[in-house]
Amino acid sequence: MVGLIHKILFGMIDNVAGETAIAAIRQGAQIPNEREFRIDENYDDTEFQKLLAKTCESLGLSQDQAETAFATAFYNDSVQRWPTWFRISKNAREFLKRQPAIHNGFATGVSDPEARKAIRDKFTLKEEDDRLIVHYKSPNNLCGVYIKLAELILQHYEESATIEQKTCSRRGDEACEIHIVW
Ligand code: HEM
């Protein structure tokens, strides 16, 4: 998982519970306090999963609450940090169509070929007249974050669309298939 995500997660924890909570959660996930996370560097997915689990446990958040809080923090960070992606996308569909390419851009800077491939393999997208069809497969199982972020992107552009999850790896499917239907 690219370090941008850890930074956003720490920001979210800081807002809710302050810096002492970050230190305790890092300790619980066995992440040395002195380690800096870089927004363009890749870190172990299993370690991230442990960090997220410890965050939920320590802040008393259900999976759904954690996904909502994280997606909101992610959206707020992205609007400020990457305004160009929002400016060049005229509507939610254009933005969501770009999302896998935005992600793959982060893979380019990762030197380990396996880690690079792991990032690139997470999302694929197909387009039909009335919908976008997203395939998401990742050991992090963050389809809930995908859906909440897609909702925030729709809100950003003041649009409405239906989001349908056809399959889910958390329910034992091979991958998640999510349709955004206009
Ligand atoms: C400017 C906009 C965005 C940027 C810069 C961005 C960047 C990133 C980066 C760097 C990661 C970590 C990738 C990895 O390590 O594999 C990530 C993960 C993720 N992003 Fe985005 N993202 C953006 C928008 C979105 C949007 C709009 C959605 C959903 C509609 C989304 C859904 C996700 C999900 C679900 C993950 C977790 C992937 C996983 O590890 O399983 N992102 N994002």
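In this text, all values refer to a predicted model and were calculated from it rather than measured experimentally. (Residues numbered from 1 in each chain as written. Predicted model: local features only at pLDDT ≥ 70, side-chain atom pairs only at ≥ 80, totals over all residues. Heavy atoms only, no water.)

A. Structural view of the coordination of the iron atom of the ligand. There is one protein donor for the iron atom of the ligand, namely His103 (NE2), at 2.1 Å. Along the chain, His103 turns up in helix α6 (residues 92-108). (Donors = N, O, S within 2.8 Å, 3.2 Å for Na, K, Ca; no water. Helix = DSSP H or I, 4+ residues; strand = E, 2+ residues; numbered from the N terminus.)

B. Examining the pattern of salt bridges more closely. In total, this model carries 16 salt bridges according to the counting rule given. The partner of Lys54 in a salt bridge is Glu57, and the shortest N-O contact between them spans 3.7 Å. With Lys54 and Glu57 both in helix α3 (residues 45-59) and 3 residues apart, the pair spans about one turn of that helix. Lys54 sits in the partly exposed class, given a relative accessible area of 26%. Salt-bridge contacts for Lys148 lead to Asp64; the nearest nitrogen and oxygen are separated by 2.7 Å. With Lys148 in helix α8 (residues 143-156) and Asp64 in helix α4 (residues 63-81), this residue pair connects regions lying 84 residues apart in the sequence. With a relative accessible area of 17%, Lys148 lands in the buried category. (Salt bridge = Lys/Arg side-chain N within 4 Å of Asp/Glu carboxyl O. Buried < 20%, exposed > 50% of the residue type's maximum accessible area, 1.4 Å probe, protein only.)

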